[in-house]
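A look at the structure
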Amino acid sequence: MRNPEQTATISEICREHGITPDGEHAYRVQSSSGNGEYVVRFVGRGDCGETLWECNCLAGQHGRECKHVRAAIAVNNEIKDTVGWE
Ligand SMILES: [Zn+2]
């Protein structure tokens, strides 16, 4: 479980990137057109230990790594470095 300090740090990092935390290892990312937002979710790890994510945008549904996923990975890495997530 996170402590309140971690939760505050996570919120702050997300806000800097314009992303909303959505539970454990999931993020809501604004669409670039400004029409709503997409949900990017951590789904596991690949063979090389890389994190795998899924996004509910059109590209994501076709298995492509979209910019929402890249944004979530960047935020997640920053959070990981800051609060020591796995
Ligand atoms: Zn996407």
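In what follows, the accompanying structure is described. These figures come from a predicted structure and were not determined experimentally. The numbering scheme is per chain: residues are counted from 1 as the chain's sequence reads. Reporting of local features is limited, given that this is a predicted model, to residues whose pLDDT is at least 70; pairs of side-chain atoms are given and counted only at 80 or more, and all residues count toward the totals for whole chains, interfaces and linings.

**Considering the overall build of the protein**
In this description a helix means any DSSP run of H or I spanning at least four residues, a strand means any run of E spanning at least two, and both kinds are numbered starting from the N terminus. Along the backbone of the protein there are three helices and four strands. Its helices and strands taken in sequence order, the protein reads α-β-β-β-β-α-α from the N to the C terminus. Relative to its length of 86 residues, the protein is compact, with a C-alpha radius of gyration of 13 Å against a globular reference of 12 Å. Summarising its shape, the C-alpha atoms of the protein cover approximately 35 × 35 × 15 Å along the three principal directions. Three exposure classes are used. Buried residues have 20 or more other C-beta atoms within 10 Å of their own C-beta, exposed residues have 12 or fewer, and partly exposed residues fall in between, all C-beta atoms being placed from the backbone. The 86 residues of the protein split such that 21% are buried. Long-range pairs, those at least 24 residues apart, make up 29% of the contacts in the protein with a sequence separation of at least 6. Computation of the radius of gyration draws on C-alpha atoms, with the globule rule given as 2.2 Å multiplied by the number of residues to the power 0.38. Contact criterion: two residues are in contact if their C-beta atoms, reconstructed from the backbone, are within 7 Å.

**Focus on the nonpolar core**
Throughout this description, the term nonpolar core refers to a group of buried Ala, Val, Leu, Ile, Met, Phe, Trp, Tyr and Cys residues whose C-beta atoms join them within 7 Å. Residues Tyr27, Val40, Cys55, Ala72 and Val75 are the most contacted members of the largest nonpolar core, which totals 15 residues. Mapped by element, the contributors of at least two residues to this core are α1 (4–16), β2 (26–30), β3 (37–45), β4 (51–55) and α3 (67–83). Per-element tally for this core: the top contributor is α3, with four residues. Beyond its immediate chain neighbours, meaning those up to four positions away, alanine 72 contacts Ile19, Tyr27, Val29, Val40 and Trp53.

**Brief notes about the environment of glutamine 6**
Following the sequence through the fold, glutamine 6 ends up in helix α1. Along the chain, glutamine 6 and glycine 18 lie 12 residues apart, while their C-alpha atoms are 18 Å from each other.

**Focus on the sheet that holds strand β1 (residues 19–21)**
By the convention used here, strands pair only if DSSP detects at least 2 bridges between them. A sheet is described by the order of its strands in space; here four strands give the open sequence β1-β2-β3-β4, paired in antiparallel fashion. Edge positions in the open sheet fall to β1 and β4, since each of these has one partner strand only. Ignoring strand direction, the axes of neighbouring strands in this sheet form an average angle of 30 degrees. Where β3 meets β4, five bridges bridge the pair, whose relative direction is antiparallel. Residue pairing across strands places arginine 45 opposite threonine 51, the latter belonging to β4. Axes here mean lines fitted to C-alpha atoms, for a helix over just the part in contact, with angles spanning 0 to 180 degrees between N-to-C directions. Seen against the sheet, α1 touches β1 and β2 and runs at an angle of roughly 155 degrees to β1. Sheet strands in contact with α3 are β1, β2, β3 and β4, and its direction is about 135 degrees off that of β4.

**Points about α3**
Each α-helix turn comprises 3.6 residues. Residues three or four places apart therefore point the same way. Any helix carries an expected span of 1.5 Å times its number of residues minus one. The terminal C-alpha atoms of α3, which comprises 17 residues, lie 24 Å apart, in line with the 24 Å expected from a rise of 1.5 Å per residue. All buried positions along α3 are accounted for by His68, Val69, Ala72, Val75, Asn76 and Ile79. Considered in projection along α3, the buried side chains sweep an arc of 130 degrees and stay on one side of the axis. As for α3, its buried residues are in contact with α1, β1, β2, β3, β4 and α2 (58–61). Positive backbone phi, approximately 80 degrees, marks glycine 84, located one or two places after α3. Here the arc refers to the directions that run from the helix axis out to each C-beta atom.

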